[in-house]
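Listed below are the residues making up each chain.
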Amino acid sequence: MADSNEIIVFTTLSDRDLAEIQLSEMLQAGIIISGTIFPEVTLMYQWEGKIAMDNENKIMIKARSDQYSKIEEFIMKNHPYLAPEIIRLDVSFGSENYKKFIKTKIEKAG
């Protein structure tokens, strides 16, 4: 279990431009520390009894845990899917140097 207030949130969007816009808006609102877009990942799932495949952009968001409800609200309000993927992981951001860097970013955000 994480010993900090750091989280990673995963979601997906099929539109790369929309992913960039939404990450920019969350950054400007100060609710996330950073976001990474993994382009063209393939999602496989069952739909109506058949195996389906779609290309999407996987989005990884780094944030403070106390911002999660705002992040979820933003995604639900702005996402084109009826039920968007939102996965929250409580984490510790790893190496001491990186933790210090992120701690400074978190303090500035808030």
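Parameters and conventions
- Per-chain numbering applies: the sequence of each chain, read as written, is numbered from 1 onward.
- In view of the model being predicted, local features appear only for residues whose pLDDT reaches at least 70, and side-chain atom pairs are presented and counted only at 80 or more, with totals across whole chains, interfaces and linings using the full set of residues.
- By convention in this description, side-chain values take in all heavy atoms of the structure and omit both hydrogens and water.
- Helix and strand assignments follow DSSP, with helices taken as H or I runs no shorter than four residues and strands as E runs no shorter than two, numbered in order from the N terminus.
- Exposure categories follow from relative accessible area, calculated using a 1.4 Å probe and restricted to protein chains: below 20% of the type maximum is buried, above 50% is exposed, and the middle band is partly exposed.
- Polar contact criterion, stated in full: a pair of N or O atoms within 3.5 Å, where within protein one must be able to donate a hydrogen and the other to accept it, and residues adjacent in sequence count only if both atoms are side-chain atoms.
- Cavity means a closed set of points on a 1 Å grid over the protein atoms alone, one where a 1.4 Å probe fits but cannot get out, pocket means an open set with protein on both sides within 12 Å along at least 5 of 7 lines, and lining means a residue has an atom within 4 Å of a point.
- Grid points are joined across faces, edges and corners, and a volume is the space filled by probe spheres set on the points.
- Here the nonpolar group is Ala, Val, Leu, Ile, Met, Phe, Trp, Tyr, Cys and Pro; Asp, Glu, Lys and Arg are the charged ones; every other residue, Gly included, is treated as polar.

**Q** For this particular structure, what's the right way to read the environment of Asp90?
**A** With respect to the element layout, Asp90 can be found in strand β4 (residues 87–91). Overall, Asp90 belongs to the partly exposed group, its relative accessible area being 41%. Put simply, Asp90 and Ser65 are 25 residues apart on the chain and 7.5 Å apart in space, counted from C-alpha to C-alpha. A distance of 2.8 Å separates the side chain of Asp90 from the side chain of Arg88, its partner in a polar contact.

**Q** What exactly am I supposed to notice about unusual backbone geometry here?
**A** Note: most residues except glycine have negative phi, and most peptide bonds are trans. With phi around 50°, Glu40 is a residue other than glycine that occupies positive phi space. Here Glu40 shows up in strand β2 (residues 34–47). Look at Glu48: it is not a glycine, yet its phi comes out positive at around 50°. Structurally, the position occupied by Glu48 is in the loop between β2 and β3 (50–64). Exposure remark for Glu48: the relative accessible area of 69% places this residue in the exposed category.

**Q** Looking at this model, I keep getting lost on empty space enclosed by the protein. Mind explaining?
**A** Empty pockets left among the atoms are what a rolling probe the size of a water molecule brings to light. Under the definition given, this model contains two cavities of 30 Å³ or more. Of the pockets and cavities examined, the largest cavity occupies roughly 40 Å³. Looking at the largest cavity, the residues that line it are Thr11, Leu13, Ala19, Gln22, Leu23, Met26, Ile59, Ile61, Ile75 and His79. Sorting the residues of the lining of the largest cavity by element identifies β1 (6–13), α1 (16–29) and β3 as the ones contributing at least two each. Looking at which element gives the most residues to the lining of the largest cavity, the answer is α1, with four residues. Taken together, the residues of the lining of the largest cavity break down into seven nonpolar, three polar and no charged.

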